[in-house]
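Fold and geometry: a report
Here are the chains, one letter per residue:
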Amino acid sequence: MVESLLDDTKLIKIPKTLAAQIKLVAGRLGRGMSEYATDALTQALRIEEMGSNLEMAVDTFHVVNVHRGAGLVNLPRTSLTRIVSMLQEDEVAMFHEGSLEAGRWYASYISSKLSPDSILSFLQNDLKITWNLDEAEIIEEDVLVYFRATSFNMSKDVTELFVLYTSGIFDELGYSVTDADVLPGLVSFKYIKTLN
């Protein structure tokens, strides 16, 4: 019986510190180390089968948790485009002001939840997911930040809302625009960190 059990298992070498962490977490959950490790590896394989990887899955889970805490609601881009197109001129101005304020509030919220050195990398992934972008890139070089985003199906009106939202975010984070290039579905900004 013991021989058949051993034939069905394989020892995998991992660093001691990782083994210690697994032991702590498994103990806290009231589970055995082998059971916990087997479940974790099974989920990692499941993610691979979905065409993703573990790092992306964890990053996406982190974004979803932040969104939940911030009270964000997902809205299909086609619905947002339709809503914006139905607004009267005076309502558009209010919607624009609301987008700018929403960006500022969100930046303030994530600043309270994340470490300062992780905010920009979080935002890159966050904006790509939230706004359903084809590409999003935030590059930090000393006091300069380059922000570029592309979405091939974003209307002019929704691009305008996106620009206001992200402007509110970067403004709240302490960045000033030094250069901007905006076309429907294509935005590129250069920011400089302002001194407090």
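Counting restarts for each chain: residues are numbered from 1 in the order of the written sequence. A pLDDT threshold of at least 70 governs which residues receive local features in this predicted model, and a stricter bar of 80 or more applies before side-chain atom pairs are shown or counted, although totals over entire chains, interfaces and linings include all residues. With hydrogens and water set aside, each side-chain value is computed from the structure's full complement of heavy atoms.

Structural notes on the environment of Trp105
What counts, and what does not: Each helix corresponds to a stretch of at least 4 residues labelled H or I by DSSP, and each strand to a stretch of at least 2 residues labelled E; elements are numbered beginning at the N terminus.
Along the chain, Trp105 turns up in helix 6 (residues 89-113). Once the C-alpha coordinates of Trp105 and Glu172 are considered, the two residues, 67 residues apart in sequence, prove to be 8.0 Å apart.

Digging into the pattern of salt bridges
For clarity, the cut-off: We count a salt bridge whenever a side-chain nitrogen from Lys or Arg sits within 4 Å of a carboxyl oxygen from Asp or Glu. Burial status follows relative accessibility: with a 1.4 Å probe on protein chains alone, a residue under 20% of its type maximum counts as buried, one over 50% as exposed, and anything between as partly exposed.
One pass over the full model with this rule turns up seven salt bridges. Across the pair Arg31 and Glu35 runs a salt bridge whose closest N-O atoms are separated by 3.5 Å. Given a relative accessible area of 44%, Glu35 falls into the partly exposed group. Residues Arg148 and Glu135 are paired through a salt bridge, measuring 2.9 Å at the closest nitrogen-oxygen approach. Of this pair, Arg148 sits in strand 2 (residues 144-150) while Glu135 sits in strand 1 (residues 135-141), and the two are 13 residues apart along the sequence. Residues joined by salt bridges that share partners form a network here, namely Arg31, Glu35 and Asp39.

Things to note about the packing of helix 4 (residues 54-70) against helix 7 (residues 119-130)
Let me state the cut-off plainly: Helix axes are fitted to C-alpha atoms over the stretch in contact, other axes to C-alpha atoms as well, and angles between N-to-C directions run from 0 to 180 degrees. Roughly parallel covers angles under 35 degrees, roughly antiparallel covers those over 145, roughly perpendicular covers 65 to 115, and oblique covers all other angles. Here, two residues are considered to be in contact whenever any of their heavy atoms come within 4.5 Å of each other. Gly counts as polar in this scheme, as do all residues outside two lists: the nonpolar Ala, Val, Leu, Ile, Met, Phe, Trp, Tyr, Cys and Pro, and the charged Asp, Glu, Lys and Arg.
With their axes 10 Å apart at the nearest point, helix 4 and helix 7 run at an angle of 75 degrees to one another. Considering their axes alone, helix 4 and helix 7 lie roughly perpendicular with respect to each other. In contact with Asp59, Thr60, His62, Val63, Val66 and His67 of helix 4, helix 7 contributes Phe122, Asn125, Asp126, Ile129 and Thr130. Looking at side-chain class alone, the contact of helix 4 with helix 7 contains four nonpolar, five polar and two charged residues.

Here we look at the pairing of strand 4 (residues 186-193)
How we decide: Here, strands pair whenever DSSP counts at least two bridges between them.
Taken together, the seven bridges between strand 2 and strand 4 define a ladder with antiparallel strand orientation. Bridge pairing links Arg148 to Ser188 in strand 4. The hairpin formed by strand 3 (residues 175-183) and strand 4 contains two residues between the paired strands, and Gly185 there has a positive phi angle of roughly 80 degrees.

A closer look at unusual backbone geometry
Its identity as a non-glycine residue notwithstanding, Asn132 has a phi of 55 degrees, on the positive side. Along the polypeptide, Asn132 turns up in the loop between helix 7 and strand 1. Of the residues examined, Asn132 reaches a relative accessible area of 53% and is grouped as exposed. Positive phi, normally seen in glycine, also occurs at Asp142, with a value near 60 degrees. Checked against the element boundaries, Asp142 lands in the loop between strand 1 and strand 2.

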